[in-house]
Every structure is written in C-alpha cells, then in structure tokens.
Amino acid sequence: MGAGKSSAVRAVQRSGAAEARDLDAAIEAREQKRVLDLFHADEARFREIEREVALELLEKADGEVVAFGGGTPMDHDVQVALADHTVAYLQVKPAKAWERVSRSDRPLVQRGEENFNNLHADRAATYEGLAQVIMSPGKPDAIVGALPWIRALRERPPGTRMLLASSASGSYPIIVGRGILESDWWPIEGRSFYVCDQNSQRHYSDPLRQVAGPIVLEPGEESKNMVQVTKILEEFAERELARHDYVVALGGGVVGDMTGFCAHIYQRGVPVVQVPTTLVAQVDSAYGGKTGVDLPQGKNYAGAYHLPAAVIADVDALTTLPDDQLAAGFVEVLKTGLLAGDELWERVRTIDKIVPAELDDVVFECARFKCGVVGEDEQDTGRRHILNFGHTVGHAIEAATEYARYGHGEAVGLGLLAALRLSEADRLRAEIREILVRHGLPVELDPPGDPAELVDAILLAVGRDKKRTLDGVGFVLLSEPGKPRERELVDPAMVRGAVEELLP
Ligand SMILES: NC(=O)c1ccc[n+]([C@@H]2O[C@H](COP(=O)([O-])OP(=O)(O)OC[C@H]3O[C@@H](n4cnc5c(N)ncnc54)[C@H](O)[C@@H]3O)[C@@H](O)[C@H]2O)c1
C-alpha cells in the first residue's frame, strides 16, 4: 500500500508499451461497488472476491502488467498462480508509504500507523519470496523503461533476479544470476561493442553478441590511465560506434571504471552496460555510475558520473577469480554488511569460506544496498559518503605504499579496523579483525622500513583525501552495524593512534 503500484499502471497505460490493469478497478467493474464499501461491509467476503478477480486476471494475462492490492499476494491460491508470471515488488520504506496514504480513506489506514507498519513488516517477507524483480522507489514511468527487461526475464536462466535501481538521473536494471554468460540469453537489443581485459576476454567474451572483436586492455590498475582512454576512444571511432549502440564493460572494476568514463565522453555520451566479472565489481563498482581514471597525481583523479544502461552480474564468473581477488571483494562485502546491518550483516559475519556458487544472494543484497544509498544521493554530496567507510585510511595505505604492497581489498580491510577504532567500537573491531584473519586478510601493517615513517606517510595521504573539505577530512564512523555516520571530523591524534595500532 502506498508503494506506487497504481501510478505505475497508469504510466504503462499512458506509454502504450503494454496493456495494464489495476486489480481494484477490475473488482469495482465486476461488483459495481467501491472497493472501500466492499471492504467495510464484509472484509472476509472482500478477500474472496479479491482472490477470484486476481485469479481471473492471472489466467488471462499474457504480457500484461497487473497491479495487485497489498494483501492480494498473501493468498495461497494467488501465490500458486503467480508461479507462471514474473512478479515485481515495488519496495517502499514504511514511513514513505505512510506519508503517501495516511490522509486517504483506505480502510487499513484508518487503523493507524502502528498497524500499518506491522502489516508492512508481516507482508514484506512474502513479497520478497515471490518476486523476481525488486523495484526501488523511482519515477512511476521507470517501469516503462524496465518492461523489455522484465519481459526478457521470462526466458532467463533459472534463479535470475532483477533489481531496478533508480536515482536522480534515471533508472536501470541490474540482473543477477548464474550461467548467464554461458547461456544464449542476452537481453540487449542492438549493436554491442566490448571492452575487456585479457583475463575477462579469456574467460567470457566469446558467447556474447559483438559487432567486432573486443577492445582488450592489459589487466590491472596500471591500465587505468589516460593513454588507454585515448586508445579506447579511438577504437570506438574506428569501429563507427554510434549513440544508439551499446558499449559493454566486461571485466572487473578497472574495465568498468575506464569503459564507463569512455562511454561518458565519447560523442558526449553513449550507453554502457556493465558486465562485472570480479567480486569487487559485482558487489560495488558496477553500480551507481561513478567512473574514474587514475592520474599520476592520484587514483581516480579524473572521472564522471555515468549511470549504466544496465548491469548484468553473472555470479558464475567468480569461479575463475583467484583467491586474493575473491578476498579483496569480500572486504567490500564486509563493509556493505556493516553499513547495512540487519540480515545482510548477519549473513556476512557468518560466512566461513568464500564460495562463489553461494554468493548470489550476497551479490544481490550488496547491489540493492548500494543502489538504495545512491538513490538518495547520486552525486555524492551527502549520504553516499557512507560507502567510503574504511576507505579513507585504506586509500592512504595504498598511496603511502605506492599501490604495490597491499591489494585494494587488503588496504580497505586495514582501513575498516582503523575506522572502527575511531568509532570507539571496540567489540566490533575485534570481530572484524577475527573475520579478516578467517579469510586470510592482513590485520597488521608490515613496514619494510621504519614503521614511524610509514605512519607519517599514511597520515600525509589521509590529509590529501579527495573528499576533504575546508573543514578537514571527514570520516565515516559506525558504532554498530547499520548505523553509519558520515563526515565526522576526528582529532588528528586519534587518527594517528588508529594507524599506529595497525603496526605489529
Ligand atoms: N566506480 C566505483 O564506484 C568503484 C568502486 C570500487 C572500486 N572501484 C575501482 O575498481 C577497481 C578495482 O576493481 P577490481 O578489484 O575488480 O580490479 P580489476 O578490474 O583489476 O580486476 C582484478 C583482477 O581480476 C582479473 N579478472 C577479472 N575478472 C576475472 C575473472 N572472472 N576470472 C579471473 N580473473 C578475472 C582482472 O584481469 C584483474 O587481474 C579499482 O580501480 C577501483 O578504483 C570503483
């Protein structure tokens, strides 16, 4: 209730993209009475009518959009009938839904906000269990753009799910599943031009529809530079890539960041589909539209916001990923679990071993969390800053050791420990330390030379953080899972203490 289902139906009707029906309107047409009156007269009888009409609509529906009432999918017969259809859950925060409906005369609203919230909580698990598509709140017509993807999902490899991410500059589908890259299922119409690196090419570029062979980068961060940007752009031009074509970034965060950046500036913008093949990219870098290229002066010093046209994450791609890359990705998972709290945190903290075949849900939930945050703040002026948790000291460790001594994930793992010390979250810090050890990640710095010099170099790099403001460097702090606080200024002596604590 209050999620925007009826508005979505109206948007589909206006667009002419599909037939669309609203269950309430169908009930009123059949019974020649208002839903409100039917409900007030006899709630049990109303539920029977609702079930009958819902089942009739489902029986007839073929490629149509049907909006149900909030209670409709709670019925067992309806749930069974839904198995032949694609179910989309328009997820809305209870407070937002209440704001929308609280002044309406709907019967369940009359019972007050607490009852409304309880109902919402009771039903959410059923919605989640039924849905193959989760749509975060966005403009009602976002569903119109998503329809071809939702339709394509009917032919998907089993278990594939879709998230429709929405933020200020638009919406895009995220597909998460297994076996997608090896299957014939490829929901993109139109010409595709691939960018990959030697590793992603070796493993995955073959089955996909491409106009010409892929543009192939050398693997690793060293490729993330302006020379390679020029090379990619010139290749696009040589191949006569046009604005109605797609660029596909097939690889890890380096390929994704570079390709997204090139897609942003080539002919002032062409669509990019992100096909992440590392854990870092599947849980983090492929979403949210940040692109970046390194300059000699700093990592990601050039960049742009360019939302993907779609993200297709095939979790099976992770099976060829070396262990150190899996562990690096796991640190981003850990960070996301800490930021999200609740179920995701509980799931992440109990992972004993990182097994790619078991990561579908974790990838989906990390994507969902990140997209929720980006939805509130696409251009990183507020809430999105929390995604930097552990990264301020983490990036500084990478910079102070010239990106050679620690992998990004290793450095961020150490950064998480420092951030938790600054948050004075001692118990949580001890638990994260134990989790990092469990996954073979470092929990101490191992300076090859003078430890004091390394600490000074790290603190210097912290002071140069890209996100500093005139007030200083703001840290993301978190005293308990799910409760991050962004842009907190911290006493420099405490920062020094938190970094020194990382020495053996
Ligand atoms: N844009 C964002 O929001 C964002 C967020 C986080 C990180 N990043 C960026 O992402 C980059 C790190 O991403 P990454 O860790 O994916 O690095 P990466 O792209 O360098 O990939 C890591 C390694 O894995 C290899 N690889 C990729 N897919 C493989 C597969 N399926 N099997 C075997 N090997 C495979 C790559 O060739 C590479 O050697 C950094 O440049 C970072 O700045 C961006």
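Note: the structure precedes this text.
Residues numbered from 1 in each chain as written. Predicted model: local features only at pLDDT ≥ 70, side-chain atom pairs only at ≥ 80, totals over all residues. Heavy atoms only, no water.

A.B. asks: Is there a simple way to think about the packing of helix H18 (residues 408-422) against helix H21 (residues 492-500) in this case?
C.D. replies: Each packed pair of helices is defined by two parameters, the angle between the axes and the distance between the axes. Two elements in contact, H18 and H21, have axes separated by 9 Å at closest approach and are oriented at 135°. Considering their axes alone, H18 and H21 lie oblique with respect to each other. Like other packed secondary-structure pairs, H18 and H21 cross with a definite hand, here right-handed. Counted together, Ala 418, Arg 421 and Leu 422 of H18 and Met 494, Val 495 and Ala 498 of H21 form the full contact between these two elements. Taken together, the residues of the contact of H18 with H21 sort by class into five nonpolar, no polar and one charged. (Axes fitted to C-alpha atoms, helices over the stretch in contact; angles between N-to-C directions. Helix = DSSP H or I, 4+ residues; strand = E, 2+ residues; numbered from the N terminus. Parallel < 35°, antiparallel > 145°, perpendicular 65-115°, else oblique. Left-handed = near helix turned anticlockwise from the far one by under 90°. Contact = heavy atoms within 4.5 Å. Nonpolar A, V, L, I, M, F, W, Y, C, P; charged D, E, K, R; others polar.)

A.B. asks: Please clarify how the sheet that holds strand S6 (residues 170-177) should be interpreted in this entry.
C.D. replies: Sheet strands associate in pairs through backbone hydrogen bonding, adopting either a parallel or an antiparallel arrangement. In spatial order, the strands read S3-S4-S5-S6-S13-S10-S9-S7-S8; together these nine strands make up an open sheet with mixed pairing. Of all strands in the sheet, those with a lone pairing partner are strand S3 (88-90) and strand S8 (215-217), marking the two edges. Pairwise comparison of adjacent strand axes, ignoring direction, gives a mean angle of 15° for this sheet. Sitting on the sheet, helix H9 (residues 142-152) is in contact with strand S4 (133-135), strand S5 (161-167), S6 and strand S13 (310-314), with an inclination near 155° to S5. (Pairing = 2+ DSSP bridges.)

A.B. asks: Sorry if this is basic, but what is going on with unusual backbone geometry here?
C.D. replies: Residues apart from glycine generally show negative phi values, whereas peptide bonds are mostly found in trans. In the Ramachandran plot, Gln 32 falls in the positive-phi region, its phi being about 55° despite a non-glycine side chain. Structurally, Gln 32 is set in the loop between helix H2 (23-31) and helix H3 (35-41). Residue Glu 424 is not a glycine yet carries a positive backbone phi of 55°. Residue position: Glu 424 is located in the loop between H18 and helix H19 (426-438).

A.B. asks: So what exactly am I meant to see when it comes to empty space enclosed by the protein here?
C.D. replies: A water-sized probe rolled over the atoms picks out the places where empty space is left. One pass over the full model with this rule turns up five cavities of 30 Å³ or more. Empty space within the largest cavity amounts to approximately 900 Å³. Lining the largest cavity are 38 residues, and of these Val 66, Ala 67, Thr 86, Val 87 and Ala 88 lie nearest its centre. Only helix H1 (5-15), strand S2 (65-67), S3, helix H8 (113-130) and H9 provide two or more residues apiece to the lining of the largest cavity. By residue number, the principal contributor to the lining of the largest cavity is H8, which donates six residues. Counted by class, the lining of the largest cavity contains 25 nonpolar, seven polar and six charged residues. As a volume, the second largest cavity reaches approximately 50 Å³. What lines the second largest cavity is Gly 256, Asp 257, Gln 274, Ser 285, Ala 286, Gly 289, Lys 290, Thr 291, His 306 and Pro 308. Taken together, the elements giving at least two residues each to the lining of the second largest cavity come down to helix H12 (253-265) and strand S11 (290-295). (1 Å grid on protein atoms, 1.4 Å probe; cavity = no way out; pocket = protein on both sides within 12 Å on 5 of 7 lines; lining within 4 Å. Points joined across faces, edges and corners; volume = space filled by probe spheres on them.)

A.B. asks: What should I look at first to understand the side chain of Glu 398 in this one?
C.D. replies: By the secondary structure assignment, Glu 398 is in helix H17 (residues 391-400). One buried charge, Glu 398, has no salt-bridge partner; the nearest side chain with opposite charge is Lys 299, at 4.8 Å. In terms of polar contacts, Glu 398 uses its side chain to reach the side chain of His 408, at 2.9 Å. Ignoring any residue separated from it by four or fewer positions in sequence, one finds Glu 398 in contact with Lys 299, Tyr 403, Tyr 406, His 408 and Ala 411. (Buried < 20%, exposed > 50% of the residue type's maximum accessible area, 1.4 Å probe, protein only. Lys, Arg positive; Asp, Glu negative; His and termini not counted. Salt bridge = Lys/Arg side-chain N within 4 Å of Asp/Glu carboxyl O. Polar contact = N/O pair within 3.5 Å; in protein donor to acceptor, adjacent residues only side chain to side chain.)

A.B. asks: What exactly am I supposed to notice about H12 here?
C.D. replies: Side chains that are three or four residues apart share a direction in an α-helix, a result of its 3.6 residues per turn. If you check H12, its first and last C-alpha atoms are 18 Å apart, about what 13 residues at 1.5 Å a residue would give, namely 18 Å. In terms of residue burial, H12 counts as a mostly covered element, since 11 of its 13 residues are buried. Those residues of H12 that fall on the buried side of the exposure criterion are Gly 253, Val 254, Val 255, Gly 256, Asp 257, Met 258, Thr 259, Gly 260, Phe 261, Cys 262 and Ala 263. Positive phi appears at Gln 267, one or two residues downstream of H12, with a value of about 45°. (Expected span 1.5 Å × (residues − 1).)

A.B. asks: Any chance you could explain the layout of surface pockets here in plain terms?
C.D. replies: Roughly 1,400 Å³ of volume is contained in the second largest pocket. Together, 40 residues line the second largest pocket, and Gln 91, Lys 93, Glu 365, Arg 368 and Phe 369 are the ones closest to its centre. Of all elements in the fold, only helix H6 (94-101), H8, S5, helix H14 (323-340), helix H15 (342-349) and helix H16 (360-376) reach the threshold of two or more residues within the lining of the second largest pocket. A per-element tally of the lining of the second largest pocket places H16 first, with nine residues. Across the lining of the second largest pocket, the residue classes break down as 18 nonpolar, nine polar and 13 charged.

A.B. asks: Just checking my understanding: could you explain the nonpolar core for this structure?
C.D. replies: Burial of nonpolar side chains together is a common tendency in soluble globular proteins. Among the nonpolar cores identified, the biggest contains 148 residues, and Leu 279 and Tyr 287 are the most heavily contacted of them. Here Leu 279 is in contact with Leu 318, Leu 321, Leu 326, Gly 329, Phe 330, Val 333, Ile 354, Leu 359 and Val 363, once residues within four sequence places are set aside. Of all hydrophobic cores here, the second largest spans 22 residues; its members include Phe 236, Val 247, Ala 302 and Ala 304. (Core = buried A, V, L, I, M, F, W, Y, C linked by side-chain atoms within 4.5 Å.)

A.B. asks: Which parts of the structure should I look at to understand the site of the ligand?
C.D. replies: Close contacts around the ligand come from 26 residues, with Asp 197, Glu 221, Lys 224, Thr 277 and Thr 278 the closest. Here an oxygen atom of the ligand and a side-chain polar atom of Asn 199 are 2.8 Å apart. Between the ligand and Lys 290, the relevant distance is 2.9 Å, taken from a nitrogen atom to a main-chain nitrogen or oxygen of the residue. Protein coverage of the free-state accessible area of the ligand, which is 860 Å², stands at 89%. Secondary-structure elements contributing two or more residues to the shell around the ligand are helix H10 (198-204), H12, helix H13 (279-285) and strand S12 (298-305). Across the shell around the ligand, the residue classes tally to seven nonpolar, 11 polar and eight charged. (Near = heavy atom within 4 Å. Areas by Shrake-Rupley, 256 points an atom, 1.4 Å probe, with all protein chains shown as cover.)

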